[in-house]
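A closer look at the structure
These are the residues of each chain, in order.
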Amino acid sequence: MDFKERYGPWALIAGASEGTGAAFAEQLAERGINLILVARRQAPLDALAQRLGQVHGVECVTASIDLAGADAADRMAQAAGARAVGLLILNAGADTNGAMFLDNDIENWIALTNRNVMTTLRACYQFAGPMRARGRGGLILVGSGACYLGLPGISVYGATKAYDLVLGEALWAELKPHGVDVLNLIMG
């Protein structure tokens, strides 16, 4: 089975508007995978989608979604619609707080936890089920070296990334027999 057959015909990338997410989109478009690009900011998504469509001839769908919202995974599924998503890349989740735990509003920590934990959990559940039924597909959970130890100023961020690491490792073991690959990509 070639790459496109195994991980296509569609890939959904959360956090696609710039940086690593845009690089994932570029590489997948080069391989002929159609893209569902998700991030908060619509304008960069639209520009990326237009460029990738013109350069690589792939279809691109964009959706402006706040991944900290309780409905983020459902909105990603709505953006995908009936398209067969063969690869889910959860790339969003930077810590923009830059504060010690008690020096920040609890709502900021809850939003970070929702984005990095609850949306990840819901999206994996939402998209891995159809992949398992098809007997092929993949999940990439983009993490951070902060997952390995607690540090002042990034306590909640590190904890959320540790959750993602453990979730990804367990899903790898659960889904491998069903032809679904799971990768934790730890940055930094």
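Located above this text is the structure these notes cover.
The sections below set out a description of the structure shown in this document. The shown structure was predicted, so the numbers you read here are calculated from the model rather than taken from an experiment.

Conventions and cut-offs
- Residues numbered from 1 in each chain as written.
- Predicted model: local features only at pLDDT ≥ 70, side-chain atom pairs only at ≥ 80, totals over all residues.
- Heavy atoms only, no water.
- Core = buried A, V, L, I, M, F, W, Y, C linked by side-chain atoms within 4.5 Å.
- Buried < 20%, exposed > 50% of the residue type's maximum accessible area, 1.4 Å probe, protein only.
- Helix = DSSP H or I, 4+ residues; strand = E, 2+ residues; numbered from the N terminus.
- Arc of directions from axis to C-beta.
- Contact = heavy atoms within 4.5 Å.
- Salt bridge = Lys/Arg side-chain N within 4 Å of Asp/Glu carboxyl O.
- Patch = residues over 30% accessible without salt bridge, like charges linked within 9 Å, V, L, I, M, F, W, Y side chains within 5 Å.
- Areas by Shrake-Rupley, 256 points an atom, 1.4 Å probe, with all protein chains shown as cover.
- Axes fitted to C-alpha atoms, helices over the stretch in contact; angles between N-to-C directions.
- Left-handed = near helix turned anticlockwise from the far one by under 90°.
- Nonpolar A, V, L, I, M, F, W, Y, C, P; charged D, E, K, R; others polar.
- Parallel < 35°, antiparallel > 145°, perpendicular 65-115°, else oblique.

Next up on the list: the nonpolar core. If you look at the biggest cluster of nonpolar residues, it comprises 29 residues, and the most contacted ones within it are Ile36, Met76, Phe127 and Leu139. Membership of the second largest hydrophobic core comes to 22 residues, among which are Tyr7, Ala25, Leu45 and Val142.

It is worth spelling out helix α4 (residues 72-80) at this point. Turning to α4, its buried residues number three or more, namely Ala72, Ala73, Met76, Ala79 and Ala80. Buried residues of α4, seen end-on, are gathered within an arc of 115° and therefore sit on one face of the element. Contacts from the buried residues of α4 go to β1 (10-14), β2 (34-39), β3 (60-64), β4 (85-90) and α5 (106-134). At the C-terminal side of α4, Gly81 shows a positive phi close to 60°.

On inspection of all chains with the given rule, the structure shows 4 salt bridges. Salt-bridge contacts for Lys161 lead to Asp164; the nearest nitrogen and oxygen are separated by 3.9 Å. With Lys161 and Asp164 both in helix α6 (residues 155-175) and 3 residues apart, this pair spans about one turn of that helix. For the pair Lys161 and Asp164, a shared accessibility class is recorded, and that class is buried.

It is worth spelling out a nonpolar patch on the surface at this point. Together, Phe101, Leu102, Ile106 and Ile110 give the surface a local cluster of nonpolar side chains, amounting to about 420 Å² of exposed area. With respect to the helices, strands and loops of the structure, Leu102 is situated in the loop between β4 and α5. Residue Leu102 is classed as exposed on the basis of its relative accessible area, which comes to 75%.

The subject of this paragraph is the environment of Ala11. Mapped onto the fold, Ala11 is located in strand β1. Placed 75 residues apart in sequence, Ala11 and Gly86 show a C-alpha to C-alpha distance of 5.8 Å. Residue contacts for Ala11: discarding those within four places in its chain leaves Leu28, Ile33, Asn34, Leu35, Ile36 and Leu87.

Turning to the packing of α4 against α5, a few remarks are in order. Packing of α4 against α5 leaves a shortest axis separation of 8 Å and a crossing angle of 35°. For α4 against α5, the interelement crossing comes out right-handed. Listed contacts from α5 to Ala72, Ala73, Asp74, Met76, Ala77 and Ala80 of α4 are Thr119, Arg122, Ala123, Gln126 and Phe127. Residue composition of the contact of α4 with α5, by class: 7 nonpolar, 2 polar and 2 charged.

On to the packing of helix α2 (residues 19-30) against helix α3 (residues 42-56), then. Between α2 and α3, whose axes approach to 10 Å, the crossing angle comes to 25°. If you check the angle between α2 and α3, you find them roughly parallel. Considering the relative orientation of α2 and α3, their crossing is right-handed. Between α2, through Ala22, Ala25, Glu26, Ala29 and Glu30, and α3, the contact on the second element is made entirely by Leu48, Arg51, Leu52 and His56. Looking at the contact of α2 with α3 residue by residue, the class counts come to 5 nonpolar, 1 polar and 3 charged.

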